[in-house]
Amino acid sequence: MSTLISSNIAPAPSLSILDVGHGSCCVVTDGRSTVLVDTGPGAPILEYLLESGIRELDTVVLSHADSDHIEGLTSLLASNKFSVRRVMLNSDASKDSRVWGNLAYEIDQRRRNQTLEFTSQLREGDIVELPGTDVELSIVAPRDRIVITGPGATDADGRRLTSNSLSAVILVRAQGRSYAILTGDLDEVGLFHLVDTGQDLRSDVLVFPHHGGTAGGAPRSSEEFAYQLTRMVQPAAVVFSMGRGRYSNPRPEIIQGVRRAVPAVRIACTQLSERCAIEVPDVGPTHLLPIYSRGSQSRSCCAGTVRIVLTAVGDVQPRAEGHAAFIASATETPLCRQATI
Amino acid sequence: MSVQLLNQQIDGVAIVDDEPQSRKSYGYTIENADLTPISENGPLGTLDQYLQNGAVEARAQAGLCDFQLSARAYAAFSGAQLVSNWYRRGFPALLCTRFEKAQIERIRPYRRWIPVLIKPAELTEDTLVMGLEECIHELQVGFRPTRRPWRVQVHFLLKDEDINDGFFVEIPGWEPNEVIRIHLSDLPDDIQPLVREDYRCHAQANLAAEYPEDLYLCDWERE
């Protein structure tokens, strides 16, 4: 009897920032309804969905057209193992990439064979709901005036707009509270426009743009970018979705900017940066969540997959204590523990 | 001498290699792993002849096999063909070869049924036992993520002018900067004439494969 009752109760909705290595993939789900924001590289999202028993996706939102954010959707659609009701993205003529073409092919195939709702417009003011819950994803960028011109053009002040400038930025809200802000690969120009809209972007968790890499300018400007963004969001935790051995993220100046804005902020990288530890630990960590993390087999995880429970304020998993103990034991030069200059 | 791997008892390990010296050397490694080497001295004939014989599976519970088996008319089949056929019969075996890029292309069509590819220099009693464990795990329990087949898109990019039927392809969702060469003769007959630059179709592949030599492509679908 209790099994029957419990099987009818969906788990609390949560946001998971998956450890996909270098890339970005966020899953908002209550076990019945699921929304993805970006899909990372190919295999990790498939493995996560398989492991989680999720077969139906209500909406997949792509922040922008970079391979480390979209390739998973190509794989997901090609696999024929999962139903996808709706895909939302922004067209990007500046990305004449094979990756973009491969995704377009799969979307076209799925549209011909099955029902797939496809929206090639994503902008400030759009709302994506997690069906059956009070969770909603509120799109706060890009604004109309830069969507209309699009990547490759310049804005009214002559700044060049790239795919990153037009990254969708999304607030994950429940019961009127903003639990997290997902920022894609937002760059300095995108941040300028986001600030200019004057929206309230305060959130408990900031999923930092561009995996903690440069924001498009010199180190000094990246530090200032991180400072401005973090000050605007005022998060209790900042998550970097990054891969060990790729691009040496997060960059120290980014961490400096984050810490300068909110000194007590918790920093969680999905994988263990080689800037923090030259070698991976000899034994597997015990603090990781019992859900898919790409780096778990190779012991490349730091926080691994990060989950935020969307009903309890401050419930960011893995918990800070276990994660801190791992950092203390496994790293020699942890960026997240270094004092700000 | 025998070893229990998962719930399978392994005693004899058949050695299939056209070099007598290699058979001898592998024999020592097998003995050091507390297993019994069973040297297949050949000639083995065709694959059907060898498999129909059934004598090896009666004496051995696992196999260790080189890729090239043609010297001295040792066998009329490749090690990849043998190991993949053994796999389909539930017989665990390692393919042990000094693989190079060109050889990988010849092995790839069979790789779906070859769980472990190992270089002779890396073969020790420990790696032998671990490799057999991998095979038995896959046969009994199922795929690990790096071996799990997914339906994937294959994007044909460019004809290889250096060889007759070579074509460079990418697998979206696998390594973004990796392009692999396939041989059109390995594709089903009805797909071969359709292939041109920018042609796309689907096949099964282990999308989480970490290295090019581990990637397999099979079960091609005509679009």
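Everything below is about the structure printed above this text.
Definitions and limits used
- Residues numbered from 1 in each chain as written.
- Chains lettered and ligands numbered in written order.
- Predicted model: local features only at pLDDT ≥ 70, side-chain atom pairs only at ≥ 80, totals over all residues.
- Heavy atoms only, no water.
- Axes fitted to C-alpha atoms, helices over the stretch in contact; angles between N-to-C directions.
- Helix = DSSP H or I, 4+ residues; strand = E, 2+ residues; numbered from the N terminus.
- Parallel < 35°, antiparallel > 145°, perpendicular 65-115°, else oblique.
- Left-handed = near helix turned anticlockwise from the far one by under 90°.
- Contact = heavy atoms within 4.5 Å.
- Nonpolar A, V, L, I, M, F, W, Y, C, P; charged D, E, K, R; others polar.
- Buried < 20%, exposed > 50% of the residue type's maximum accessible area, 1.4 Å probe, protein only.
- Core = buried A, V, L, I, M, F, W, Y, C linked by side-chain atoms within 4.5 Å.

Enquirer: Would you take a moment to explain the packing of helix α2 (residues 42-52) of chain A against helix α3 (residues 67-79) of chain A for this structure?
Expert: The relative placement of two packed helices comes down to the angle between their axes together with the axis-to-axis distance. Residues and elements named next belong to chain A. It is at 7 Å that the axes of α2 and α3 come closest, and there the two elements cross at 55°. Judged by the angle between their axes, α2 and α3 are oblique. Between α2 and α3 lies a crossing whose hand is right-handed. Mapping the contact onto sequence places Gly 42, Ile 45, Leu 46 and Leu 49 in α2 and Glu 71, Gly 72, Ser 75, Leu 76 and Ser 79 in α3. Residue classes in the contact of α2 with α3 are distributed as four nonpolar, four polar and one charged.

Enquirer: What is the right way to read unusual backbone geometry from this model?
Expert: Residues other than glycine predominantly adopt negative phi, and peptide bonds predominantly adopt the trans conformation. Residue A:Pro142 is reached from A:Ala141 by a cis peptide bond, and omega for that bond is 5°. Here A:Pro142 lies in the loop between β8 (136-141) and α5 (144-149). In this structure, B:Pro43 follows B:Gly42 across a cis peptide bond, with omega equal to -5°. The topology assignment puts B:Pro43 in the loop between β4 (36-40) and α2 (47-53). One non-glycine residue with positive phi stands out, namely A:Gln175, at about 45°. Note that A:Gln175 resides in the loop between β9 (169-174) and β10 (177-182). Since its relative accessible area comes to 45%, A:Gln175 is described here as partly exposed.

Enquirer: I would appreciate a short explanation of the nonpolar core in the present structure.
Expert: Side chains of a nonpolar character, in soluble globular proteins, are inclined to be buried together. Counting 52 residues, the largest nonpolar core has A:Leu76, B:Phe156 and B:Trp220 as the members making the most contacts within it. Broken down by element, the residue count for this core peaks at five residues, all from α2(A). A:Val140, A:Val169, A:Phe208 and A:Ile327 belong to the second-largest nonpolar core, a separate cluster that totals 38 residues.

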